[in-house]
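Listed here are the chains, written in short residue letters.
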Amino acid sequence: MKKQIAFFDFDGTLTHKDSMFAIVKYVYGNGYFYWGMFLLLPTLIGFKLGLIDRQLTKEKYLHFFFAGMPVTTFQNYCDQFSEKIIPKMLRKEAYEKMKWHQQAGHEVVLVSASAENWLKPWCVSQDINCLASK
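Keep in mind that what you see is a predicted model, and the values were worked out from it rather than measured. (Residues numbered from 1 in each chain as written. Predicted model: local features only at pLDDT ≥ 70, side-chain atom pairs only at ≥ 80, totals over all residues. Heavy atoms only, no water.)

## Digging into the packing of helix α4 (residues 41-48) against helix α5 (residues 54-66)
Inference 1: One can describe the packing of α4 onto α5 by two numbers: an axis separation of 10 Å at closest approach and a directional angle of 165°. Taken as axis vectors, α4 and α5 run roughly antiparallel relative to one another. With respect to the hand of their crossing, α4 and α5 are arranged in left-handed fashion. Between α4 and α5, the contacting residues are T43, L44 and F47 on the first element and R54, T57 and K60 on the second.
Inference 2: Across the contact of α4 with α5, the residue classes tally to two nonpolar, two polar and two charged. (Axes fitted to C-alpha atoms, helices over the stretch in contact; angles between N-to-C directions. Helix = DSSP H or I, 4+ residues; strand = E, 2+ residues; numbered from the N terminus. Parallel < 35°, antiparallel > 145°, perpendicular 65-115°, else oblique. Left-handed = near helix turned anticlockwise from the far one by under 90°. Contact = heavy atoms within 4.5 Å. Nonpolar A, V, L, I, M, F, W, Y, C, P; charged D, E, K, R; others polar.)

Shown next as structure tokens:
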């Protein structure tokens, strides 16, 4: 018998908001988040106009907010975010479907362009596999 695999996207599928924005708000609060978004406006406009690709935009965003932060500090924030915030972000119906697949014996894989730093701890707690950005 073939093994069944269920793939789930994270941001906007399992969750009702983007985790990359949410983690910055968690770490720094809304004020610094919006200040950073203002300073990143040229990059964001370039992305919307198709002049800057998604990956470069994401790298500039993460660099702005987290460059210079020790990796262990960043990971500690990610672990806390995974435990405290991600459960509040989940879409009930999508989460229940994911759990249904697990109960049916299917392998569940989370696939995301977001960073594994905050997704992998949650995936481990849910006993699912994680394919995310490093």
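## Focus on unusual backbone geometry
Inference 1: Backbone geometry at D127 places phi at a positive 60°, although glycine is not the residue there.
Inference 2: The exposed category is assigned to D127, whose relative accessible area is 69%. (Buried < 20%, exposed > 50% of the residue type's maximum accessible area, 1.4 Å probe, protein only.)

## Description of a nonpolar patch on the surface
Inference 1: Residues Y28, Y32, W35, F38, L39, L41, I45, L49 and L51 make up a contiguous nonpolar surface patch of about 920 Å² in total accessible area.
Inference 2: Of all the elements in the fold, those that place two or more residues in the nonpolar patch are α3 (30-39) and α4.
Inference 3: With four residues, the top contributor of residues to the nonpolar patch is α3. (Patch = residues over 30% accessible without salt bridge, like charges linked within 9 Å, V, L, I, M, F, W, Y side chains within 5 Å. Areas by Shrake-Rupley, 256 points an atom, 1.4 Å probe, with all protein chains shown as cover. Salt bridge = Lys/Arg side-chain N within 4 Å of Asp/Glu carboxyl O.)

## Focus on the layout of surface pockets
Inference 1: By volume, the largest pocket is sized at about 450 Å³.
Inference 2: Only α2 (19-28), α4, α5 and β2 (107-115) provide two or more residues apiece to the lining of the largest pocket.
Inference 3: The element contributing the most residues to the lining of the largest pocket is α5, with five residues.
Inference 4: Here the residues of the lining of the largest pocket are counted per class, giving seven nonpolar, four polar and six charged.
Inference 5: Lining the second largest pocket are 17 residues; nearest its centre among them are L62, F74, A115, N117 and K134.
Inference 6: Here the lining of the second largest pocket gets six residues from one element, more than from any other, and that element is α5.
Inference 7: Tallied by class, the residues present in the lining of the second largest pocket amount to nine nonpolar, five polar and three charged. (1 Å grid on protein atoms, 1.4 Å probe; cavity = no way out; pocket = protein on both sides within 12 Å on 5 of 7 lines; lining within 4 Å. Points joined across faces, edges and corners; volume = space filled by probe spheres on them.)

## Brief notes about the nonpolar core
Inference 1: If you look at the biggest cluster of nonpolar residues, it comprises 35 residues, and the most contacted ones within it are L14, W118 and W122.
Inference 2: Considering every element that reaches this core, the biggest residue donor is α2, with five residues.
Inference 3: If near-sequence neighbours (up to four positions away) are discounted, W118 is found in contact with S19, M20, I23, L62, F74, C78, F81, S82 and I86. (Core = buried A, V, L, I, M, F, W, Y, C linked by side-chain atoms within 4.5 Å.)

## Structural notes on the packing of aromatic side chains
Inference 1: Counted by the stated rule, this structure contains 16 aromatic pairs.
Inference 2: Ring plane angle 70° and centroid distance 5.8 Å describe the contact between F21 and F33, whose orientation is recorded as edge-to-face. Remark: F33 occurs in helix α3 and F21 occurs in helix α2; sequence separation between them is 12 residues.
Inference 3: Note on F33: relative accessible area 4%, which makes it buried. (Phe/Tyr/Trp six-rings, centres within 6.5 Å; stacked < 30°, edge-to-face > 60°.)

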